[in-house]
Amino acid sequence: MVALPAIPRDRPAEACISCVVPAYNESAHLSAFLTDLRRTLAAISSSFEIIVVNDGSTDATEEAMLPHLSQAGIRYLGLARNFGKEAALTAGIEHARGDAVILMDADYQHPLTLLPEMVRLWRDGYDMVYGVIADRSDERLMKRWGTGLFYSLMEAGSAIRIPRNAGDFRLFDRKVAEALRQLPERNRFMKGLYAWVGFKTVALPFVPAARATGTTSFGLRSLGRLALAGVTAFTTLPLRIWSAIGVAISLISILYGCYIALSSMLFGNDVPGWSTLSAGLMFFSGVQLVSIGILGEYMGRVYDEVKRRPLYLLAHDIDNGMAQAGADDDANINANVTDYEPG
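Keep in mind it's a predicted model, so treat the numbers as computed, not measured. (Residues numbered from 1 in each chain as written. Predicted model: local features only at pLDDT ≥ 70, side-chain atom pairs only at ≥ 80, totals over all residues. Heavy atoms only, no water.)

**Focus: the confidence of the model for the protein chain**
- Chain-level statistics for the protein chain give a pLDDT mean of 75 and a share of 69% at 70 or above.
- Within the protein chain, no element has a lower average pLDDT than strand β11 (residues 341–342), which sits at 48, and none a higher one than strand β4 (residues 100–103), at 91.
- Segment residues 1–7 is flagged for pLDDT under 50; beyond a separation of four residues in sequence, or across chains, it makes 0 contacts in the model.
- A low-confidence stretch, residues 329–334 (pLDDT under 50), is modelled with 7 contacts involving residues beyond four sequence positions or located in other chains. (pLDDT = per-residue confidence, 0-100. Helix = DSSP H or I, 4+ residues; strand = E, 2+ residues; numbered from the N terminus. Contact = heavy atoms within 4.5 Å.)

As structure tokens, then:
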């Protein structure tokens, strides 16, 4: 047997790092976060860029960006409206130019201290390093229960293994970013797409820190919509469940029909039973409406896909290029500004 040569996993000696930061109403802490992030990246790599994606913020997030727009290594993407976090992440990934791409939130819940370890694991040969929440004890019971139910559904009905408690906090190689760019769907569930592309991955446990200021805008309703998008994008289990329920109800109806027929032949046809009949009709009508609703969710997503609308629209694109080690940020930088670019 001929031995296969080892697969080279060498990383560039002077790797460029791109960090994508989606921002929605983060004005209170965004400036301080960018300063700390910039300092952390400068210690890791001699060349980096920070891509801030303003997802249609309604507060002073854009004003908070002003002191940073003349700094080398800062790229500002302003979406035309709020398209959602999945679209904002996609915009950042599509504009990232680094050898490795980091995704993290701007609220300090993703620890900056883990970035050197992520880069080290990437240099060791892992194509994707993803953060896994090690402790959810401080979350509300309803959220923990819903998260557990979601992952149980995905594990039961999808061939794609989505790691439990893994979020958007991750680093991945350039080839992973290129793979994600090839996925055209409009209804995006990024956690599923990260798992779908595969590659060599490793988990990095962490405990989220408290938000720097304010409260999250990603409530239970948003989480529910995201979970529904994930279920309909990566599994047909709900359709199979209701198919099984339909078969079970049909079998029960046949048995009940046989019982009525035998009862009529043996004991005569009694008039009583209207209450049972009415309750049965209402129950089965409800089952039909629920099943039609589930089918409609899948059909609605097909409808969204065939329209082929852009996933996002850019109102602003201010690009200061990569930051280089030793460069003077106070130097006059000619930023490349682009308006109104479809994604």
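**Description of the pairing of strand β5 (residues 128–133)**
- Taken across its 6 residues, β5 has 6 buried, putting it largely inside the fold.
- Burial of β5 is two-sided: the residues M128, Y130 and V132 facing one way and the residues V129, G131 and I133 facing the other way are all buried.
- Strand direction decides the pairing type here: β5 and strand β6 (residues 166–173), joined by 4 bridges, are antiparallel. Its bridge partner lying in β6, V132 is registered against A166. (Buried < 20%, exposed > 50% of the residue type's maximum accessible area, 1.4 Å probe, protein only. Pairing = 2+ DSSP bridges.)

**Side note on the packing of aromatic side chains**
- The full count for this structure, using the stated rule, is 3 aromatic pairs.
- Look at F169 and F206: their rings are 5.3 Å apart centre to centre, the planes differ by 80 degrees, and that puts the pair in the edge-to-face class. Taken together, the residues span a long stretch of sequence, with F169 in strand β6 and F206 in strand β7 (residues 201–206) at a distance of 37 residues. The same class applies to F169 and to F206, which are both buried.
- Centroid distance F172 to Y194: 6.4 Å. Interplanar angle 40 degrees. Geometry classified as tilted. With a gap of 22 residues between them, F172 in strand β6 and Y194 in helix α7 (residues 190–197) connect regions that are remote in the sequence. When sorted by exposure, F172 lands in the same class as Y194, which is buried. (Phe/Tyr/Trp six-rings, centres within 6.5 Å; stacked < 30°, edge-to-face > 60°.)

**What about the nonpolar core?**
- Counting residues in each nonpolar core, the largest one holds 38 residues, and the members touching the most others are L37, L41, I50, M104 and L115.
- Not counting the four nearest positions on each side in its chain, I50 is found in contact with C19, V21, L34, L37, R38, L41, G73, I74 and R75.
- Counting residues in each nonpolar core, the second largest holds 27 residues, with A96, L103, L180 and L311 among its members. (Core = buried A, V, L, I, M, F, W, Y, C linked by side-chain atoms within 4.5 Å.)

**Re the environment of E63**
- As for its placement among the helices and strands, E63 is situated in helix α2 (residues 61–65).
- Note on E63: relative accessible area 48%, which makes it partly exposed.
- The sequence separation of E63 and S27 amounts to 36 residues, and the corresponding C-alpha distance is 7.7 Å.

**A short note on a nonpolar patch on the surface**
- A surface patch of nonpolar side chains, amounting to about 290 Å² of accessible area, comprises V247, L251 and I254.
- Residue position: I254 is located in helix α9 (residues 237–267).
- Residue I254 is classed as exposed on the basis of its relative accessible area of 52%. (Patch = residues over 30% accessible without salt bridge, like charges linked within 9 Å, V, L, I, M, F, W, Y side chains within 5 Å. Areas by Shrake-Rupley, 256 points an atom, 1.4 Å probe, with all protein chains shown as cover. Salt bridge = Lys/Arg side-chain N within 4 Å of Asp/Glu carboxyl O.)

**A short note on unusual backbone geometry**
- Its identity as a non-glycine residue notwithstanding, N25 has a phi of 55 degrees, on the positive side.
- Note on placement: N25 falls in the loop between β1 (16–23) and α1 (30–44).
- Residue N25 is classed as partly exposed on the basis of its relative accessible area, which comes to 26%.
- Phi at F199 is positive, roughly 70 degrees, even though this residue is not glycine.
- Within the secondary structure, F199 is located in the loop between α7 and β7.

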